[in-house]
Amino acid sequence: MSASSSCSNGYTSLDDGINCYKLNYRSGSRISWESAKRECEQTEFAQLLSITDPFEQAYMRLLTYSKEVDQTWIGLYQETSNLNWKWTDSRVVTYTNWGPGVNITFNISKSECVYLDGNDGKWRLASCSNSLAYMCKQSLGFL
């Protein structure tokens with residue numbers, strides 16, 4: 001886990017700057033899911049975090065655990081039109097890491113969003129209005 005010269009200031013990378021990550025976790029930067037999405041897009045020129053494989057998942061768990069962050073918004077959401085899960089950066093959902101007992105088959109309301117649990121790395125649902133830390137992701141050539 002290191003800063004990469006090809007990443008923006010405050011971002012770290014695990015793949016030499018192809019994907020760059022910034023955890024916003026200080027008390028003043030804990031915000032709702034919609035606000036986190038907007039901050040990543042408009043301020044950071046990034047997207048809320050998409051996690052595409054177990055290696056990236058392990059890196060995110062290490063990053064949140066090392067900063068003692070319990071809950072971090074990620075960019076996974078359920079489309080209301082067809083109930084499919086999507087990433088805010090439009091990547092196809094090919095990997096998931098749901099916590100035990102999380103019911104993802106029903107139509108969640110717009111008031112529930114997905115977060116990464118820093119204690120075990122699992123994905124869970126919480127009220128979208130909760131103020132949580134959030135992770136932005138910049139991807140070289142993807143935005």
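What counts and how
Residues numbered from 1 in each chain as written. Predicted model: local features only at pLDDT ≥ 70, side-chain atom pairs only at ≥ 80, totals over all residues. Heavy atoms only, no water. Helix = DSSP H or I, 4+ residues; strand = E, 2+ residues; numbered from the N terminus. Buried < 20%, exposed > 50% of the residue type's maximum accessible area, 1.4 Å probe, protein only. Contact = heavy atoms within 4.5 Å. Areas by Shrake-Rupley, 256 points an atom, 1.4 Å probe, with all protein chains shown as cover. Lys, Arg positive; Asp, Glu negative; His and termini not counted. Charge placed at Lys NZ, Arg CZ, Asp CG, Glu CD. Salt bridge = Lys/Arg side-chain N within 4 Å of Asp/Glu carboxyl O. Disulfide = S-S within 2.5 Å.

**Thoughts on the overall build of the chain**
And step 1. Scanning the chain from terminus to terminus reveals 2 helices and 9 strands.
And step 2. Secondary structure of the chain in N-to-C order comes out as β-β-α-β-α-β-β-β-β-β-β.
And step 3. With the principal axes as the frame, the chain shows a C-alpha extent of 45 × 30 × 30 Å.
And step 4. Looking at the chain as a whole, 49% of its 143 residues are labelled buried.
And step 5. Within the chain, contacts between residues separated by at least 24 positions form 66% of all contacts whose residues are at least 6 apart in sequence.
And step 6. Approximately 7,300 Å² of the chain is accessible, and the part contributed by carbon and sulfur atoms is 48%.
And step 7. Separation of charge centres in the chain, based on 13 positive and 15 negative side chains, amounts to 2 Å.

**Let's talk about the pattern of salt bridges**
And step 1. Tallying each qualifying case throughout the model produces 6 salt bridges.
And step 2. Across the pair Arg-124 and Asp-117 runs a salt bridge, and its minimum N-O distance is 3.1 Å.
And step 3. Given a relative accessible area of 12%, Asp-117 falls into the buried group.
And step 4. A cluster of three or more residues bridged by salt bridges with shared partners is formed by Asp-117, Asp-120 and Arg-124.

**Thoughts on the state of the cysteines**
And step 1. Enumeration over the complete set of coordinates arrives at 3 disulfides.
And step 2. The disulfide partner of Cys-7 is Cys-20, and the S-S distance across this bridge is 2.0 Å. As the torsion about the S-S bond is roughly -80°, the Cys-7-Cys-20 disulfide counts as left-handed. Residue Cys-7 is located in the segment before strand 1 (12-13), and its partner Cys-20 is located in strand 2 (residues 19-24); the two are separated by 13 residues in the primary sequence.
And step 3. Residue Cys-7 is classed as buried on the basis of its relative accessible area of 11%.
And step 4. Among the residues examined, Cys-20 registers a relative accessible area of 2% and is labelled buried.
And step 5. The disulfide partner of Cys-113 is Cys-128, and the gap between their sulfur atoms is 1.9 Å. Around the S-S axis, the bridge from Cys-113 to Cys-128 shows a dihedral of about 95° and counts as right-handed. Here the residue Cys-113 occupies a position in strand 7 (residues 112-117), and Cys-128 occupies one in the loop between strand 8 (123-127) and strand 9 (133-139), the gap between them amounting to 15 residues.
And step 6. The exposure class assigned to Cys-113 is buried, which follows from its relative accessible area of 8%.
And step 7. Relative accessible area serves as the criterion here: at 10%, Cys-128 is assigned to the buried category.

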